[in-house]
Amino acid sequence: MSNLQPVRGTHDLMFDDIRRHRAIEDAAFEIAGRYGYGEIATPVFEATEVFTRTLGDTSDIVTKEMYTFETKGGERITLRPEGTAGVARAFISGGLAQQTPLKFFYREAMFRYERPQKGRQRQFHQIGVELLGVPGPQADVEVIALGHHILTALGVAGNIKVELNSLGDSESRAAYRDALTAFLSGHMETLSPDSRERLQRNPLRILDSKDPADRQLVANAPRYSDYLNTTSKDFFAAVQEGLARLDVPFNLNPGLVRGLDYYSHTAFEFTTDALGAQGTVLAGGRYDGLIPSMGGPATAGTGWAAGVERLAMLIPEPAAAVRPIAVVPVGAAEVQVAEKLAHTLRLQGFAVELGYSGDMGKRLKRANKLKARAAVILGADEVRDGVVTLRDLDSGEQKKVTQAELAQHLKV
RNA sequence: GCGGGUGUAGCUCAGUUGGUUAGAGCAUCGGUUUGUGGUACCGAGGGUCGCGGGUUCGAGUCCCGUCACUCGCCCCA
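Keep in mind that what you see is a predicted model, and the values were worked out from it rather than measured. (Residues numbered from 1 in each chain as written. Chains lettered and ligands numbered in written order. Predicted model: local features only at pLDDT ≥ 70, side-chain atom pairs only at ≥ 80, totals over all residues. Heavy atoms only, no water.)

On to the packing of helix α1 (residues 15-34) against helix α5 (residues 137-153), then. At a minimum axis separation of 10 Å, α1 and α5 run at an interaxial angle of 140 degrees. It follows from the interaxial angle that α1 and α5 lie oblique. You can see that α1 and α5 cross each other, and the crossing is right-handed. Of the residues in α5, those in contact with A28, I31, A32 and R34 of α1 are L146, H149, I150 and A153. A per-class count over the contact of α1 with α5 returns six nonpolar, one polar and one charged. (Axes fitted to C-alpha atoms, helices over the stretch in contact; angles between N-to-C directions. Helix = DSSP H or I, 4+ residues; strand = E, 2+ residues; numbered from the N terminus. Parallel < 35°, antiparallel > 145°, perpendicular 65-115°, else oblique. Left-handed = near helix turned anticlockwise from the far one by under 90°. Contact = heavy atoms within 4.5 Å. Nonpolar A, V, L, I, M, F, W, Y, C, P; charged D, E, K, R; others polar.)

What follows is the structure in structure tokens.
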């Protein structure tokens, strides 16, 4: 039926697309493993409360972007819009507080009811890491260095800037929020309509407004750095020194704030200008307040998430699929021998394609299309003599080898 | 959620001020080649012009609606 289409904002992944996704996820998983991060897979859906209590009542994610529904049993369920809340819930419900520090890596689908654009789907994929139970700045440094390491390995670090800021501890944050609100309240006429709205809900977000008038106003507003208390300042300085020691380049961005309420101290974003308005490729920060806010024991946390679709648009061509070997029977009489030979080769570890139909010419043509590196040709003569004709499909050279020696000749 | 752009073959795109049977390249399939792929040549198939309605003697072309994609805003990875 021609009117059957994927649901808005969803896509089928196959061929090169999924190879790109896997290349990203596999590289990230392997590198995170070197830092001691083990994989965690939490459920696709959680009790709605898990997200409403952690993301903040005012965030757009909670107010308009969640896929929330009621089950037959009357539970309120939400498809996860992000990964951190689920990991925190797992930490609490699994009683893992005795096992810190804990390091988790995840690669999962996320769901947000947003208007689709390039690099923004309703079902999308994130990789992410969470480091739980380390209150010191070395945790922030490690996690940022890990992100930078992964993007370097993927070959995209050259197009990406690391932006860094500190939101301070809750005391500093509250002090600054009051100062900023007081200042901006005196300039209501100049503020954009969006920012007037933000002044009520989340005044810090005005700092990264794109409206020109807002930007000018913000330039003269109180500076966040002036409101950090000594603890916060020392913490931020230690993060910067740690990154410098590891040769991770970064830019300070005083306008960088987080959309989600549970962040404190370090906030960072890895951005590119190659993706238009969806330039943030990896982002995260410290969220010491998250687990306590969900009713768990006071536990420090820091981590990030990266958008796989966005990274997939940046990485170079993924490694080509393995080039198979084609087993080609000359005529119908040799098909069964060919099938047996193909099976034997597969058991020996080779990737083998066996054309499903057609004469020798068609099968070779198909082998060529599959980028087979060699053809193993079996005709009446070969079967009689216990040999095969081995043809190199790049050079066109061919020779007869015994079936016993075939595996030796096929080794790369 | 708000504002703009675009929808013609599997893909990339032509299609004149509304006028016969809607075209090209690539891809696909077949043949030149009954034990040899890639290159070349020859040929074939493939379209309810996104969908629905309207105007008109006549709509791929004009109008309205709708869906999808896309750019920006919002938000975010």
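So, on to unusual backbone geometry. Cis geometry is found at the peptide bond from T100 to P101, where omega equals 0 degrees. Within the secondary structure layout, P101 lies in the loop between α4 (84-93) and β5 (102-111). We note that H265 has phi near 50 degrees; this positive angle belongs to a residue other than glycine. Along the chain, H265 turns up in strand β9 (residues 264-271).

Taken together, V44, F45 and F69 make up a surface patch of nonpolar side chains, about 260 Å² in accessible area. Residue position: F45 is located in strand β2 (residues 45-47). Looking at F45, the relative accessible area reads 46%, which means it is partly exposed. (Patch = residues over 30% accessible without salt bridge, like charges linked within 9 Å, V, L, I, M, F, W, Y side chains within 5 Å. Areas by Shrake-Rupley, 256 points an atom, 1.4 Å probe, with all protein chains shown as cover. Salt bridge = Lys/Arg side-chain N within 4 Å of Asp/Glu carboxyl O. Buried < 20%, exposed > 50% of the residue type's maximum accessible area, 1.4 Å probe, protein only.)

Below, the discussion takes up the protein's contact with RNA strand B. Surrounding RNA strand B, one finds 47 residues, the nearest of these being R112, R120, R198, R205 and L393. The contact atoms of RNA strand B, taken as those within 4 Å of the protein, divide so that sugar and phosphate hold 54%. Take R115: an N or O atom from its side chain is 2.9 Å from a base nitrogen of RNA strand B. Taking K118, its main chain carries an N or O atom lying 2.9 Å from a phosphate oxygen of RNA strand B. When contributions to the surface near RNA strand B are tallied by element, the ones reaching two or more residues are α3 (60-65), β6 (123-132), α7 (193-201), β10 (280-286), β11 (301-307), α13 (360-369), α14 (380-385) and β15 (387-392). Top element by residues in the surface near RNA strand B is α13. It accounts for six residues. For the surface near RNA strand B, the residue count by class is 12 nonpolar, 14 polar and 21 charged. (Near = heavy atom within 4 Å. Polar contact = N/O pair within 3.5 Å; in protein donor to acceptor, adjacent residues only side chain to side chain.)

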